[in-house]
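Residues per chain are reported as follows:
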Amino acid sequence: MTPEVPAEIGLTFGTYEEARALVGTRTSVVFAERAVTGALIKYFCAMVRDANASYWDEEYANQQWGGVISPPAMLLTWVVMPEWRPGDPSPAPMLLGRVPLPDPTVISVGTDMEFFVPMRVGDRLNVEETLVDVSPRKTTSLGEGHFLSTESFYRRGDGTPVARYVHDLFRFTPA
Amino acid sequence: MATVDEGTGYEIAFGTFEEAKAMVGQATPVRFGRVEVNAPMIQHFSMMTEDANASYWDEEYAVATWGALVSPPAMLMVWLMPLEWDPEGSRPEPLLTARVPLPGTTFVNASTDTEFFAPMRVGDHLNVVEEVVDVSEEKKTALGVGHFVTTLSTYRRQDGQLVAKNTNVLFRFGAEEEGS
Amino acid sequence: MIPGVDYHQRYWEDVAEGEELAPVEDEITYRRVVMNPATTWDYFPGHHDPEYAKAQGQPTIYINTMHFLGFIDRLATAWGGPASFITRRKMSMRHSIYAGDTMVGQGRVVRKYTDEPGGRTRHLVELEITVENQDGQLCVPATVHLELPARQAS
């Protein structure tokens, strides 16, 4: 199986057995590099064309939520590691990238998010990820590979639970 | 006549050199940026340029030196970028240079000259006034026949403090044959 | 009130099971897909590099998960109003939306219920939302649980 896809996305390679051995592994808590920011919320809402007053109108949002809130869909953005930072040119990849498997690429197949409190401008989130499952080898229309499942808990700086996120992915070799 | 160019998404105004000349000296109304200067965007930009300047990354250092984290000067125009969509319904404002009526169907930037008067600090909300300063006679370059359009953009902070002046020269070209 | 911003609020009591959400069509140009990394900072090459997407067996670049999530949430909260809160959203990817496609979102209320986590009564609705492409192909089915304000707060 020759990977045809350029290996530029920082995946770890290995065997299914090695991947299985990682099931149950929990990462250490990763602290967001940035706080929930109003400007980024505007750019995101401009992309999805969402006119919700909770994202655009500070006065309304202050009254309703105690501040402008983030679209729930931006959960992952607040903890994205920068591609580069001074003195640390190669940040640690997300857990899903660190699972050793033979396949050269990956695609999201599903997400399940539960939210407990809104994310407000100024909140600085942290996250803990666990590898929940790695499936035996399967064949789909995309190609052959393994399904992965991770579960993440997001909290505010003060420990308040913000969200639980289950992510299903397919790590595959294109057909 | 103004048309939206499919390739660039920018609105380009077409007209004659005389119509263009008539715009010289005209200034746009004050336009405020849709976002404030903010740290995540500063760091995202500095990640792209791989610029480790402490003024962009180290809040403690930046507060002591500038009063707050500051923006890389290169981000001047970023803080005035219109949103791609806005609930208020405004379409992205076309560049003033593209709104100068000329025959040329496309453009390329020729030069940028920026003078800075105050740092752009996190929390600043900038505004800009643009002015057409000059439209050259028809010139022939390696790219084709067209006109050089010079604009001056003046950037200020919300408190009126002058932040920067940017003189931009753009070459508007591409019409096969110039009309009179 | 900012013109164009959506303030229309729905209350739990006014919802009927079976109610349909206003459908939304959205044309996804290359420019829109490239807004994915610009706004979500997800630099997975499938969302900006057509060559990479083709090597993956896809026709071209496609929108990322967060764009789907944002579109689904937009549908749900545009219906529910700005004071509504998404308590849970589950979606799965059946098919991608590629640059050049049109994304079509539809939804309806399948359940109206309350629960009491930690003694606080939440007034909830369960929405079934689908995202299809211009050919009517189901790309993303989703279930959204939305908390709405109640006229008679408990």
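For the structure itself, consult the block above.
Residues numbered from 1 in each chain as written. Chains lettered and ligands numbered in written order. Predicted model: local features only at pLDDT ≥ 70, side-chain atom pairs only at ≥ 80, totals over all residues.

Quick look at the overall build of chain B now. Helices and strands together make up the secondary structure of chain B, namely four helices and eight strands. In chain B, the order of α-helices and β-strands from amino to carboxyl end is β-β-α-β-α-α-α-β-β-β-β-β. Per-residue burial for chain B yields a buried fraction of 31% across its 180 residues. For chain B, the proportion of contacts with a sequence separation of at least 24, taken over those separated by at least 6, is 71%. (Helix = DSSP H or I, 4+ residues; strand = E, 2+ residues; numbered from the N terminus. Buried ≥ 20, exposed ≤ 12 C-beta atoms within 10 Å, placed from the backbone. Contact = placed C-beta atoms within 7 Å.)

As a further point, take the overall build of chain C. Within chain C one finds three helices and five strands. Listed N to C, the secondary structure of chain C is β-α-α-α-β-β-β-β in terms of helices and strands. Once the C-alpha set of chain C is aligned to its principal axes, its extents read approximately 55 × 35 × 30 Å. Counting every position in chain C, which comprises 154 residues, the buried fraction comes to 42%. Of all intrachain contacts in chain C linking residues separated by at least 6 positions in sequence, the fraction that spans at least 24 positions is 66%.

Quick look at the pairing of strand β7 (residues 144-156) of chain B now. Residues and elements named next belong to chain B. Looking at chain direction, strand β5 (residues 127-135) and β7 are connected through eight bridges and run antiparallel. Across the sheet, Val135 pairs through a bridge with Val149, a residue of β7. Where strand β6 (residues 139-141) meets β7, three bridges bridge the pair, whose relative direction is antiparallel. Bridging from a neighbouring strand, Lys139 pairs with Gly146 of β7. Between β6 and β7, which pair antiparallel in sequence order, lie two residues. Taken together, the 11 bridges between β7 and strand β8 (residues 162-173) define a ladder with antiparallel strand orientation. Paired with Leu152 across the two strands is Thr167, which belongs to β8. (Pairing = 2+ DSSP bridges.)

Below, the discussion takes up the nonpolar core. Here is a general trend for soluble globular proteins: nonpolar side chains tend to be buried in one another's company. Membership of the largest hydrophobic core comes to 66 residues, with the highest contact counts inside it found for Phe44(A), Leu75(A), Phe68(C), Ile72(C), Ala76(C), Val144(C) and Leu146(C). For this core, the leading source of residues is helix α3 (residues 65-80) of chain C, giving nine residues. (Core = buried A, V, L, I, M, F, W, Y, C linked by C-beta atoms within 7 Å.)

At the junction of the two partners, chain A supplies 16 residues and chain B supplies 17 residues. When residues of the side of chain A that touches chain B are assigned to their parent elements, the largest contribution, six residues, is made by helix α2 (residues 38-48) of chain A. Residue composition of the side of chain A that touches chain B, grouped by class: 10 nonpolar, one polar and five charged. (Nonpolar A, V, L, I, M, F, W, Y, C, P; charged D, E, K, R; others polar.)

Before going further, it helps to examine the environment of Val110(C). Here Val110(C) lies in strand β3 (residues 102-115). Not counting the four nearest positions on each side in its chain, Val110(C) is found in contact with Glu17(C), Glu126(C), Leu127(C) and Glu128(C).

Let us look at the interface of chain A and chain C. Each side of the interface is counted separately: chain A has 41 residues, and chain C has 39 residues. Listed by contribution, the elements that provide at least two residues to the side of chain A that touches chain C are α2, α3 (53-56), α4 (58-65) and β2 (105-115) of chain A. Per element, the largest residue contribution to the side of chain A that touches chain C is nine residues, and it comes from β2(A). Looking at the side of chain A that touches chain C, its residues break down into 24 nonpolar, nine polar and eight charged. Note that β2(A) and strand β2 (residues 85-92) of chain C share five bridges and pair antiparallel. Each residue of the ladder has a partner; that of Thr111(A), found in β2(C), is Met91(C).

Residues and elements named next belong to chain A. Listed in full, the buried residues belonging to α4 are Tyr60, Ala61 and Gln64. What you see down the axis of α4 is that its buried residues fit within an arc of 95 degrees, all on one side. Those residues of α4 that are exposed and angled more than 90 degrees off the buried face are Glu59, Asn62 and Gln63. On its buried face, α4 is in contact with α3. Backbone geometry just after α4 places Gly66 at a positive phi near 85 degrees. (Arc of directions from axis to C-beta.)

Moving on to the pairing of β2(C). Taken together, the six bridges between β2(C) and strand β5 (residues 138-147) of chain C define a ladder with antiparallel strand orientation. Bridge pairing in β5(C) places Met91(C) opposite Ala142(C).

This part takes up unusual backbone geometry. For Glu50(B), which is not glycine, the phi torsion reads 50 degrees and is therefore positive. Take Glu50(B): it is sitting in the loop between α2 (39-49) and α3 (54-57). Even without being a glycine, Trp41(C) presents a positive backbone phi close to 65 degrees. Relative to the elements of secondary structure, Trp41(C) occurs in the loop between α1 (30-40) and α2 (50-55). C-beta crowding within 10 Å serves as the criterion here: with 21 such atoms nearby, Trp41(C) is assigned to the buried category.

With that settled, the discussion passes to the packing of α2(A) against α3(C). As a packed pair, α2(A) and α3(C) sit with axes 9 Å apart at the nearest point and diverge in direction by 80 degrees. Our classification of the angle between α2(A) and α3(C) gives roughly perpendicular. Contact residues: α2(A) offers Phe44(A), Met47(A) and Val48(A), while α3(C) offers His67(C), Gly70(C), Phe71(C) and Arg74(C). Partitioning the contact of α2(A) with α3(C) into residue classes produces four nonpolar, two polar and one charged. (Axes fitted to C-alpha atoms, helices over the stretch in contact; angles between N-to-C directions. Parallel < 35°, antiparallel > 145°, perpendicular 65-115°, else oblique.)

What follows deals with the packing of α2(A) against α1(C). At a minimum axis distance of 9 Å, the contact between α2(A) and α1(C) shows a crossing angle of 160 degrees. The angle between α2(A) and α1(C) places the two elements in the roughly antiparallel class. Remark: the crossing between α2(A) and α1(C) carries left-handed chirality. On α1(C), the residues touching Tyr43(A), Phe44(A) and Met47(A) of α2(A) are Arg32(C), Met35(C), Ala38(C), Thr39(C) and Thr40(C). Residue composition of the contact of α2(A) with α1(C), grouped by class: five nonpolar, two polar and one charged. (Left-handed = near helix turned anticlockwise from the far one by under 90°.)

This paragraph deals with the environment of Ala99(C). Residues and elements named next belong to chain C. Relative to the elements of secondary structure, Ala99 occurs in the loop between β2 and β3. Among the residues examined, Ala99 registers 19 C-beta atoms within 10 Å and is labelled partly exposed. In this structure the C-alpha to C-alpha distance between Ala99 and Thr65, which are 34 residues apart in sequence, comes to 14 Å.

Distances and angles like these do not, on their own, reveal function.
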